[in-house]
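# Structural overview
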Amino acid sequence: MKLEIEQEDDGRWLAEAGDLPGVMAYGATRDEAVRKVEALVLRVLADRLEHGERAPEVDRLFAA
């Protein structure tokens, strides 16, 4: 999954999951923003699986 990371004018960092529109997180540092968005990505994918939705990102991990 490709992450887009940029620093805002106010100094905060924003990390966004390109494959999951709207999944983004702010952090005081670049590393904090990345850790937060990675955790959020996992929550979103887990929620999709729990509700029987497709999660192509997970399908690629478990491809035979």
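As shown above, the structure is provided for reference.
The structure contained in this document is the topic of the report that follows.

Position of E16 among the secondary structure elements: in strand β2 (residues 13-17). Residue E16 is classed as partly exposed on the basis of its relative accessible area of 24%. For E16 and E6, which are 10 residues apart along the polypeptide, the C-alpha to C-alpha distance reads 8.9 Å. Once residues within four sequence positions are removed from consideration, E16 is found in contact with K2, L3, E4, G22, V23, M24 and V37.

Time to look at the pairing of β2. Consecutive residues of a regular strand have side chains that alternate between opposite faces of the sheet. In terms of strand pairing, strand β1 (residues 3-7) meets β2 through five bridges, oriented antiparallel. Directly across from L3, in β2, lies its bridge partner A17. Between β1 and β2, which pair antiparallel in sequence order, lie five residues; one of them, G11, sits at a positive phi of approximately 100°. Sheet topology places β2 next to strand β3 (residues 24-27); four bridges connect them, and they run antiparallel. Residue L14 lies in a different strand from β3, and its bridge partner there is Y26. Here β2 hands over to β3 after six residues, with G22 in that stretch at a positive phi of 90°.

Cut-off values and rules
Residues numbered from 1 in each chain as written. Predicted model: local features only at pLDDT ≥ 70, side-chain atom pairs only at ≥ 80, totals over all residues. Heavy atoms only, no water. Helix = DSSP H or I, 4+ residues; strand = E, 2+ residues; numbered from the N terminus. Buried < 20%, exposed > 50% of the residue type's maximum accessible area, 1.4 Å probe, protein only. Contact = heavy atoms within 4.5 Å. Pairing = 2+ DSSP bridges.

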